[in-house]
Amino acid sequence: MPQPDTRPTAWSKLAEELDRLRGVSLRALFAEDTGRAERDVLSVAGLRLDWARQRLDAPAWNSLYALAESSGAMVALKRQREGVHVNTTEDRAALHLALRLPREDTCIVDGRDVVGDVHAVLDAIEEFVQAVREGRHLGYSGKPIRSVVNIGIGGSDLGPRMVCRALAPFAPAMRGGEPLRMHFVSNVDGGALDAVLREVDPETTLFVVASKTFGTQETLTNARSARAWLLRHTEHPEAVARHFVAVSTHSERVAEFGIDTRNMFGFWDWVGGRYSVWSAIGLPIALYLGMDGFRGFLAGAHEMDQHVLASPARENAALRMALVDIWNHNMLGACARVVLPYDERLQLLPAYLQQAEMESLGKGVLHDGSPAEHDTGPLVWGAVGTDGQHAFYQLLHQGTRWAPTEFIGVARPEHGLPEHHPILLANLVAQAEALAFGKTGAEVAAEMAAEGLPNEVIAHLVPHRSFPGNRPSTVILLERLDVRSLGALIALYEHKIYLLATIWGINAFDQWGVELGKQLAGRVQEDFAAEGRGIHPHDPATAATIDWLRARLPER
Ligand code: F6P
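Read on for a plain summary of the structure. (Residues numbered from 1 in each chain as written. Predicted model: local features only at pLDDT ≥ 70, side-chain atom pairs only at ≥ 80, totals over all residues. Heavy atoms only, no water.)

**A word on a nonpolar patch on the surface**
Defined as follows: What goes into a patch is any residue over 30% in relative accessible area without a salt bridge, connected to like charges within 9 Å or, for nonpolar side chains (Val, Leu, Ile, Met, Phe, Trp, Tyr), within 5 Å. Note on areas: Shrake-Rupley with a 1.4 Å probe; residue coverage comes only from the protein chains shown. Salt bridges, as used here, are contacts in which a Lys or Arg side-chain nitrogen is within 4 Å of a carboxyl oxygen on Asp or Glu. Numbering of helices and strands runs from the N terminus, with a helix taken as a DSSP run of H or I at least four residues long and a strand as a DSSP run of E at least two residues long.
Together, Trp548, Leu549 and Leu553 line one region of the surface with nonpolar side chains, adding up to about 290 Å² of accessible area. Assignment of secondary structure puts Trp548 in helix H22 (residues 540-550).

**Observations concerning the environment of His495**
Filter applied, for reference: Exposure is judged per residue with a 1.4 Å probe applied to protein chains only, and the accessible area is read against the type maximum: over 50% gives exposed, under 20% gives buried, and values in between give partly exposed.
Inspection of the secondary structure puts His495 in helix H20 (residues 483-504). Exposure remark for His495: the relative accessible area of 3% places this residue in the buried category. C-alpha of His495 to C-alpha of Met304: the two residues are 191 residues apart in sequence and 9.1 Å apart in space.

**Some thoughts on the nonpolar core**
As a reminder of what qualifies: Residues belong to one nonpolar core when they are buried, are Ala, Val, Leu, Ile, Met, Phe, Trp, Tyr or Cys, and are joined through side-chain atoms within 4.5 Å. The domain limits used here are those given by an automatic or database domain assignment. Working rule for contacts: check all heavy atoms of both residues, and any pair within 4.5 Å makes them a contact.
Trp270, Leu283, Leu287, Trp327, Leu349 and Leu486 are the most contacted members of the largest nonpolar core, which has 130 residues in total. Looking at this core element by element, the count peaks at 15 residues for H20. Among the domains, domain 1 (10-71 + 311-437 + 471-510) and domain 2 (96-297) are the pair contributing at least three residues each to this core. Other than its neighbours up to four places away in sequence, Leu486 contacts Met162, Val163, Ala166, Leu167, Phe297, Leu346 and Leu481. Formed by 23 residues, the second largest nonpolar core is a distinct cluster that contains Val149, Leu193, Val209 and Leu230.

**Looking at helix H17 (residues 421-437)**
Applicable threshold: Helix span is expected to be 1.5 Å times the residue number reduced by one. Directions from the helix axis toward the C-beta atoms define the arc.
With 17 residues, H17 should cover 24 Å at 1.5 Å per step; its first-to-last C-alpha distance of 24 Å lies within 8% of that length. Listing the buried residues of H17 in full gives His421, Leu425, Leu428, Gln431, Ala432, Leu435 and Ala436. Axial view of H17: buried residues confined to an arc of 125 degrees, hence all on one face. Exposed side chains of H17 directed beyond 90 degrees from the buried face belong to Pro422 and Ile423. Once H17 finishes, Gly438 follows within two positions and takes phi at roughly 55 degrees, a positive value.

**Here's the deal with the packing of aromatic side chains**
Rule in force here: Paired rings are identified among Phe, Tyr and Trp, the last through its six-membered ring, by centres lying within 6.5 Å, and are further divided according to the angle between planes into stacked (under 30 degrees), edge-to-face (over 60) and tilted (the rest).
On inspection of all chains with the given rule, the structure shows 15 aromatic pairs. Arranged with centres 5.8 Å apart and planes meeting at 25 degrees, the rings of Trp61 and Tyr65 form a pair that is stacked. A residue pair is termed a helical-turn pair when its members lie 3 or 4 positions apart in one helix, as Trp61 and Tyr65 do in helix H4 (residues 58-70) at 4 residues. Classification of Trp61 by relative accessible area gives buried; the value is 3%. Exposure remark for Tyr65: the relative accessible area of 9% places this residue in the buried category.

**Brief notes about unusual backbone geometry**
In this structure, the amide linkage connecting Gly385 to the following residue, Thr386, adopts the cis form with an omega of 5 degrees. Tracing the backbone shows Thr386 in the loop between strand S11 (379-382) and helix H16 (393-398). Even without glycine at this site, Phe214 takes up a positive phi of about 50 degrees. The class for Phe214 is buried, based on a relative accessible area of 2%. At Asn470, a residue that is not glycine, the phi angle is positive and equals roughly 65 degrees. The residue Asn470 is located in the loop between helix H19 (455-465) and strand S13 (473-480) in this model.

Next up, the structure:
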């Protein structure tokens, strides 16, 4: 009879490491091994990644590397690069990295080398961007374009919106003196589009309607209203062709909507929505920064791709990021991760990463449909420091729950008040230090005694003023925030996500979890519009909510 395999699995080995490290504080780990401050740091593509404040020691790292090896994580990255259909439920490749390959490279998807197609679209984008930026593409009344409104949602919004915000200091002036004015409308709430339309001039505004499927209700509703607004300002229906371009994989739907497909920039089904910022979805970035800027962004990502695909485990930034997440979420039990950019320009990074990570890793079943064996993606949230410090850090420092934090800082500012910068970055460094090392009761008591406070006050306040510490963080520092480093940073997260999905055995590239709500919203809309008590059966709570709203919704 075959004997059961009693060899320790990589996961059980990790559990042993956890037992060994239980009760070992970060203070103790640093006291034992000062070398960790150098060993747990990597510098890649203008980024310095520092995991020294993670609750891990060298043997625990080794067990994590063994887990990566046994789950075939690095092999999976290579298979992804080779065009294997890693998106198993939609039977597709996931090849966003092909979008940033140099022209002379190759990447075969379903038997076709797609690099030529990618560069043909980039060249078409370049031609259009130059025509807009040089004032050759004119609005219906003969004036050059001054404002761009991107209409899209999710992956068709968050990437370009975040990148344009982050790289605003590098946006070159157009012919005529000023950078393009960029607007982004995603929410179907009419207030969002209305606010933008009040700010822009129909004669000088270009609308980019961005939707991979060109079937997304929010986007199409906003695009229709924007087109109606334009046509209220001009009697010429041909104005639409000068003021609307589409970005999509779906040319029939674009044509059906009424945008000439000559004004469409395409991409492919092997580009996932949340991984599409590198495709024509990045058109607003190219318009705003110029084509050199957009190509630089792609080159930064490509530099990271090369690093991740070629580096051994210990020197591999994406793998180490993934393994730290495994440790924090699967071993230490954290159910959230907090992203804290100490740079106003990265204000939208937490929202961008929320989609990238939570839509990719929020899965409960393995590729074969059986339940996941380990907890999968954490909740991801965050805000720019120092705002967060004055809002939610209290809980991070002293709450009964904890979450690992990811600090992101930039060494060189690009603004006119450089004297603020040391203050900003001192806060980043101090927060990571405070979370890791805390302040003991004895330290608090000594400090208060030195202030001359009476013993009974000290005894009363010590528990309130002590910090447990031992709360892990990663510190990511950028030399500068520019096209290259931002491209590299985003690509790093993308690879981390896929490595995590591989270790957990889940599909990082589908998003079935968004469908039920969409389907039910369609029915509720029909009930809102119907006479009498509506047409679809609902539970009593839903029915009562619909009734209450039906009595109050504006007449159409
Ligand atoms: O609803 C989720 C989603 O499908 C995302 O994955 C996607 O980025 C977004 O909607 C927008 O989709 P599209 O680009 O097709 O309009």
